[in-house]
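# Results of the structural survey
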Amino acid sequence: MSRRHYSKDLKDRVIYQYTILAMKPIEIATNLDMSIRVVHRTLQLWQEIGDVIRDPKTYNIRGRPTLMNETACNYMMKLLESRPNMYLDEIALELADTLGVMLSLSTVHRTLKLLGYTTKKVCLFIFFLA
């Protein structure tokens, strides 16, 4: 049996038939042409969180917490606005001195990349006078 996607409206109909019409899950499954498992999972989710679909904004945050909080990011952007030619080590040192946030150069680089900053390339121009 293949997986099917059921819309939020159809899952809301499951809740309506269960609560208002007092239908049994097997009756709801046959009435709405869906498996009994989907009906049970929809009812279970509705009882747990009060809705028939999960909102990705409410998911638990996974992984290690970030070292760069919003304050540090804003401070780093202000630094770069005032001095756009700062190197990564200078930014990390400034963040450590001012905010007490100890960061590696790769963390500073990744954060700048996420914020939309691009890397600069140092070039040496040699001019010959003829």
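Whatever comes next refers back to the structure up there.
Since this is a predicted model, take the numbers as computed values, not measurements.

Once that is clear, we can look at the overall build of the protein. The helix and strand inventory of the protein stands at six helices and zero strands. The order of helices and strands in the protein, counted from the N terminus, is α-α-α-α-α-α. Counting across all 130 residues of the protein, residues that qualify as buried make up 25%. Summarising the internal contacts of the protein: among those between residues at least 6 apart in sequence, 48% fall at separations of at least 24. Accessible surface, the protein as shown: approximately 10,800 Å² in total, 56% of it carbon and sulfur.

Counted by the stated rule, this structure contains four salt bridges. Its salt-bridge partner being aspartate 51, residue lysine 8 comes within 3.5 Å of it at the nearest N-O pair. With lysine 8 in helix α1 (residues 8–19) and aspartate 51 in the loop between α3 (36–49) and α4 (70–82), the pair connects residues that are 43 residues apart, well separated along the chain. Notably, a salt bridge pairs arginine 83 with glutamate 94, separated by 3.8 Å at the nearest N-O pair. Of the two residues, arginine 83 is situated in the loop between α4 and α5 (88–99) and glutamate 94 in helix α5; the sequence distance between them amounts to 11 residues. The class for arginine 83 is partly exposed, based on a relative accessible area of 38%. Three or more residues joined by partner-sharing salt bridges are found here, namely Lys8, Asp12 and Asp51.

If you look at the biggest cluster of nonpolar residues, it comprises 14 residues, and the most contacted ones within it are Met68, Met76, Ile91 and Val108. No other element matches the five residues that α4 contributes to this core. Setting aside anything within four residues of it in sequence, one finds methionine 76 in contact with Met68, Ile91, Leu95, Val108, Thr111, Leu112 and Leu115. Counting 11 residues, the second-largest nonpolar core is a separate cluster that includes Tyr6, Met23, Ile28 and Ala29.

Right, let's get into the packing of α1 against helix α2 (residues 25–32). At a minimum axis separation of 10 Å, α1 and α2 run at an interaxial angle of 140°. By the angle between their axes, α1 is oblique relative to α2. Considering only the axes of α1 and α2, their crossing is right-handed. Residue-level inspection shows Leu10, Arg13, Val14, Gln17 and Tyr18 of α1 in contact with α2, the latter providing Pro25, Ile28, Asn31 and Leu32.

On to α5. Taking 1.5 Å of rise per residue, 12 residues should cover 16 Å, and α5 covers 16 Å from first to last C-alpha, within 8% of that figure. Residues of α5 that are buried include every one of Ile91, Ala92, Leu95 and Ala96, and no others. One face of α5 carries all of its buried residues, which in axial projection span an arc of 135°. Set apart from the buried face of α5 by more than 90 degrees, the exposed residues are Leu93 and Asp97.

Calculation notes
- For every chain, the first residue of the written sequence is number 1, and numbering continues from 1 along that sequence.
- pLDDT decides what is reported in this predicted model: residues at 70 or higher carry local features, side-chain atom pairs at 80 or more are listed and counted, and totals for whole chains, interfaces and linings draw on all residues regardless.
- The side-chain numbers reported here are obtained from all heavy atoms of the structure, hydrogens and water having been left aside.
- Secondary structure is summarised from DSSP: a helix means a run of H or I of at least four residues, a strand means a run of E of at least two, and numbering begins at the N terminus for each.
- To sort residues, take the accessible area from a 1.4 Å probe on protein chains only and compare it with the maximum for the residue type: under 20% means buried, over 50% means exposed, and anything in between is partly exposed.
- Two residues form a contact once any of their heavy atoms are found within 4.5 Å.
- The Shrake-Rupley method, run with a 1.4 Å probe, gives the accessible areas here. Residue values count only the displayed protein chains as cover.
- For salt bridges, the criterion is a side-chain nitrogen of Lys or Arg within 4 Å of an Asp or Glu carboxyl oxygen.
- In this text, buried Ala, Val, Leu, Ile, Met, Phe, Trp, Tyr and Cys residues form a nonpolar core when linked through side-chain atoms within 4.5 Å.
- In this description, a line fitted to the C-alpha atoms serves as the axis of each element, helices being fitted only across the stretch in contact, and the angle between N-to-C directions of two axes falls anywhere from 0 to 180 degrees.
- If an angle is under 35 degrees, it is roughly parallel; if it is over 145, roughly antiparallel; if it lies from 65 to 115, roughly perpendicular; otherwise it is oblique.
- Should the near helix be turned counterclockwise from the far one by less than a right angle, the crossing is left-handed, whereas a clockwise turn marks it as right-handed.
- A helix is expected to reach a length of 1.5 Å times the quantity of its residues less one.
- Arc, as used here, means the arc of the directions from the helix axis to the C-beta atoms.

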